Amino acid sequence: MMFLSLLVFSPLLGIVLLMFVRKTDERMIQWLGTAATVPPLILALFAFIQSGRGFRLERLDEARDWVRLTGLPFLTDAAYVIRYELGIDGLSLVFIVLTAVLATLAALASMLVKTEKKGYFLWLLALEIGMLGVFSAANFVWFFLFLEVTLVAMFFLVGKWGGFERERAAYSYLLYNGLGSALLLVVIAVLIARTGTANFALLHEMLHNPVAQGQWIAPLTGEGRRWLLGGLLLAFAVKLPAVPLHRWLIRVHVEAPPPVVMLHAGVLLKIAAYGMIRFGVGLFPDEFRAFAGAIAVFGVINVLYGALLALRQRELKRVLAYSSVSHMGVVLIGLGALNEAGIQGAVFQSVAHGLISALSFSLVGVLAHRIGTTDINRLGGLAKAMPLFSGYLLTAALALLGLPGLAGFVGEFTSFLGLFQTKPALAAVGALGLILAAAYSLKAVLDITFGRDRKEAVMGSRPAAGEIEAHRAAVDLRGKEAAPAFILVALIVAVGVYPQLLAAPLAAVVETMMNGLGG
């Protein structure tokens with residue numbers, strides 16, 4: 001069965017078709033680029049529905065030989081075989097569905113991109129292939145290859161279609177994430193050299209089964225395992241990002257096109273959370289315990305630092321950028337708790353923040369297109385001219401602050417519940433960030449929607465002709481623009497009201513991890 005290969009690589013068809021479309025035919029490019037994201041969405045939703053009906057996801061796994069190093073005097077015929085392997089379980093399924101949904105919505109939101117649209121969609125579809133591949137990979141080599149596809153695609157999307165300082169943002173992204181990838185590659189190389197395999201299941205078996213440890217090419221000491229885990233955590237901390245490795249994220253959130261940030265904040269940051277759970281907790285559970293306290297501390301630092309900085313910003317993109325830093329800290333808090341509630345909370349928070357940040361930046365894109373600015377000091381009174389837009393923006397703010405009944409509450413509550421069970425004093429300090437989240441999110445949104453009319457907002461002076469023209473352009477969301485926002489709000493409410501949507505596919509994976517942790 002080639003279900004997963006079809007899911008991951010189906011956007012290639014769109015890339016091929018776009019090659020034959022004239023770059024001046026923007027309507028056809030938009031249609032083809034968006035349509036190419038639909039097949040993986042249908043396949044991902046099909047797998048999700050079938051999983052809910054009891055279908056065993058491991059039946060979708062694929063494996064075949066890819067690279068076999070033979071004929072070398074220092075290798076046996078069986079050593080260092082790298083296979084093409086894709087696999088799926090409840091954890092990866094959740095992130096695959098998130099990726100497929102947000103990719104389609106980002107493609108819809110890309111109607112606001114007006115320059116060199118053909119090249120834009122080619123890289124956007126390549127980015128989707130990389131993201132889907134990361135969550136479908138069943139061995140380290142393919143995980144790394146797909147991860148590098150996302151790095152290259154993001155570099156060009158930010159550097160070519162970003163804002164005024166797009167090149168600086170793109171190179172900052174490349175530098176930080178390239179260093180993280182280099183560190184990850186070192187860890188992968190050591191594991192393959194010692195075990196002769198890159199397969200996740202075989203690595204787990206060899207790391208935990210005393211009988212299978214006899215298959216090692218070279219033994220790995222307890223100290224060696226701690227160094228490998230430390231390297232993994234540091235590599236993913238760069239990509240999360242954890243403070244103080246976060247500056248690149250602020251630049252990308254501010255300079256990248258809003259549809260691209262929908263995928264960056266909604267999916268790419270979650271690859272780090274996925275990696276920490278899949279490889280940190282999954283492969284090195286005993287060693288992970290030694291790092292749990294530090295991870296929780298860095299989580300609290302992220303939550304408070306991001307919230308405090310977001311409170312001081314007067315540019316909406318920067319508010320949301322620091323909000324991402326803060327909310328990804330909640331993921332670290334859940335992992336640092338190292339119990340069932342914490343691990344579930346980390347996944348819930350990853351999905352919730354993915355949906356909320358995608359909603360926020362889809363609205364940011366409309367605002368920048370309509371008004372020409374996202375400077376809060378130059379906005380105000382938009383609730384009258386743009387009531388539907390203002391309602392969606394307020395919903396995003398309420399979800400960010402963790403209002404019960406919305407997805408943000410589920411992730412934050414479960415993560416902090418896990419930490420309160422193990423480190424209550426630290427959890428109490430981190431909970432201050434939730435109060436600050438209410439302050440910065442409501443302050444920014446209410447200033448934009450119910451503040452002074454923007455014609456009078458610039459230092460109390462009379463508006464220039466350009467300001468009046470921009471104000472007149474403040475028309476409300478139209479059908480195609482409102483569709484992504486409506487779908488995202490529906491998903492945010494659905495997860496908030498019925499969190500079992502996520503808990504059900506995660507149950508078996510979390511139970512396996514807790515068994516590995518001895519919990």
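Preceding this section is the structure that the text describes.
Residue positions are given per chain, counting from 1 as you read along its sequence in written order. Totals for whole chains, interfaces and linings use all residues, but because this is a predicted model, local features are given only for residues with pLDDT of at least 70 and pairs of side-chain atoms are given and counted only at 80 or more. Each side-chain value is derived from all of the structure's non-hydrogen atoms; neither hydrogens nor water enter the calculation.

1. Some points on the packing of helix α8 (residues 166-195) against helix α10 (residues 222-239)
Right, on to step 1. At a closest axis distance of 8 Å, the pairing of α8 and α10 adopts a crossing angle of 155 degrees. When the axes of α8 and α10 are compared, the pair comes out roughly antiparallel. Handedness of the α8/α10 crossing: left-handed. Along the contact surface, α8 presents Tyr176, Asn177, Gly180, Ser181, Leu183, Leu184, Val187, Val190 and Leu191, while α10 presents Leu228, Gly231, Leu232, Leu234, Ala235, Phe236, Val238 and Lys239.
Right, on to step 2. Note that Gly is not counted as nonpolar here; it falls among the polar residues with everything else outside the nonpolar set of Ala, Val, Leu, Ile, Met, Phe, Trp, Tyr, Cys and Pro and the charged set of Asp, Glu, Lys and Arg. Tallied by class, residues from the contact of α8 with α10 come to twelve nonpolar, four polar and one charged. Every angle, taken between N-to-C directions, lies between 0 and 180 degrees, and every axis is a line fitted to C-alpha atoms, over only the stretch in contact when it is a helix. In this text, helices come from DSSP runs of H or I with a minimum length of four residues, and strands from runs of E with a minimum of two, each type numbered from the N-terminal end. Each angle receives one of four descriptions, namely roughly parallel if under 35 degrees, roughly antiparallel if over 145, roughly perpendicular if within 65 to 115, and oblique otherwise. By the definition used in this description, the sense in which the near helix is turned from the far one sets the handedness, with an anticlockwise turn below a right angle giving left-handed and a clockwise turn giving right-handed. Every residue pair with non-hydrogen atoms within 4.5 Å of one another is taken to be in contact.

2. Here's the deal with empty space enclosed by the protein
Right, on to step 1. Cavities and pockets were defined on a 1 Å grid built over protein atoms only: a cavity is a set of grid points that admits a 1.4 Å probe from which the probe cannot escape, a pocket is an open set flanked by protein on both sides within 12 Å along at least five of seven lines, and lining residues are those with an atom within 4 Å of any such point. Grid points are joined across faces, edges and corners, and a volume is the space filled by probe spheres set on the points. The full count for this structure, using the stated rule, is six cavities of 30 Å³ or more.
Right, on to step 2. Its boundaries defined by the atoms lining it, the largest cavity holds a volume of some 100 Å³.
Right, on to step 3. In this structure, the largest cavity is lined by Leu147, Thr150, Leu151, Tyr173, Asn177, Lys239, Trp248, His264, Leu268 and Ile271.
Right, on to step 4. Of all the secondary structure elements, the ones that give two or more residues to the lining of the largest cavity are α7 (140-161), α8 and α12 (258-283).
Right, on to step 5. Among the residues forming the lining of the largest cavity, the class breakdown is six nonpolar, three polar and one charged.

3. Looking at the environment of Tyr440
Right, on to step 1. Following the sequence through the fold, Tyr440 ends up in helix α20 (residues 432-450).
Right, on to step 2. Classification of residues uses two cut-offs on accessible area relative to the type maximum, computed with a 1.4 Å probe and protein chains only: under 20% is buried, over 50% is exposed, and between them is partly exposed. By relative accessible area, Tyr440 is classed as buried at 2%.
Right, on to step 3. Filtering out sequence-adjacent residues up to four positions away, Tyr440 remains in contact with Ala307, Ala310, Leu311, Val319, Ser323, Ser326 and His327.

4. Quick word on the layout of surface pockets
Right, on to step 1. Put simply, the largest pocket is a space of about 1,000 Å³.
Right, on to step 2. For the largest pocket, the lining is made up of 45 residues, of which Ile88, Asp89, Gly90, Arg278 and Val509 are closest to its centre.
Right, on to step 3. At the level of elements, α4 (38-52), β1 (62-68), β2 (81-86), α5 (90-109), α6 (117-136), α9 (200-208), α12 and α23 (500-517) are the ones that each hand at least two residues to the lining of the largest pocket.
Right, on to step 4. Residue contributions to the lining of the largest pocket peak at eleven residues, all from α23.
Right, on to step 5. Looking at the lining of the largest pocket residue by residue, the classes come out as 25 nonpolar, 13 polar and seven charged.
Right, on to step 6. Within this model, the second largest pocket holds a volume of roughly 330 Å³.

5. What to know about a nonpolar patch on the surface
Right, on to step 1. Note that patches include only residues with greater than 30% relative accessible area and no salt bridge, and the join distances are 9 Å for like charges and 5 Å for nonpolar side chains (Val, Leu, Ile, Met, Phe, Trp, Tyr). Throughout, the Shrake-Rupley method with a 1.4 Å probe supplies accessible areas, and for residues the shown protein chains are the sole cover considered. Salt-bridge detection follows one rule: a side-chain nitrogen of Lys or Arg within 4 Å of a carboxyl oxygen of Asp or Glu. On the surface, Val493, Val497, Tyr498 and Leu501 cluster together into a nonpolar patch covering about 350 Å² of accessible area.
Right, on to step 2. The residue Tyr498 is located in the loop between α22 (479-497) and α23 in this model.

6. Overview of the pattern of salt bridges
Right, on to step 1. Tallied over the full model, the rule gives nine salt bridges.
Right, on to step 2. Asp65 is paired through a salt bridge with Arg83; the nearest N and O atoms lie 3.1 Å apart. Here Arg83 lies in strand β2 and Asp65 lies in strand β1, a separation of 18 residues in the sequence.
Right, on to step 3. Look at Asp65 and you get partly exposed, because its relative accessible area is 46%.
Right, on to step 4. The exposure class assigned to Arg83 is partly exposed, which follows from its relative accessible area of 32%.
Right, on to step 5. The salt bridge involving Glu481 is made with Arg370; its shortest N-O contact spans 2.5 Å. Highlighted residues: Glu481 in helix α22 and Arg370 in helix α15 (residues 340-371), separated in sequence by 111 residues. With respect to burial, Glu481 and Arg370 carry one shared label: buried.

7. Some thoughts on unusual backbone geometry
Right, on to step 1. A cis geometry characterises the amide bond from Leu240 onward to Pro241, with omega recorded as 0 degrees.
Right, on to step 2. Mapping Pro241 onto the fold places it in the loop between α10 and α11 (247-255).
Right, on to step 3. That bond from Val243 to Pro244 is cis: its omega, 10 degrees, falls within 30 degrees of zero.
Right, on to step 4. With respect to the helices and strands, Pro244 occurs in the loop between α10 and α11.
Right, on to step 5. Phi angles above zero are rare outside glycine, and Glu116 is one such case at about 45 degrees.
Right, on to step 6. Tracing the backbone shows Glu116 in the loop between α5 and α6.

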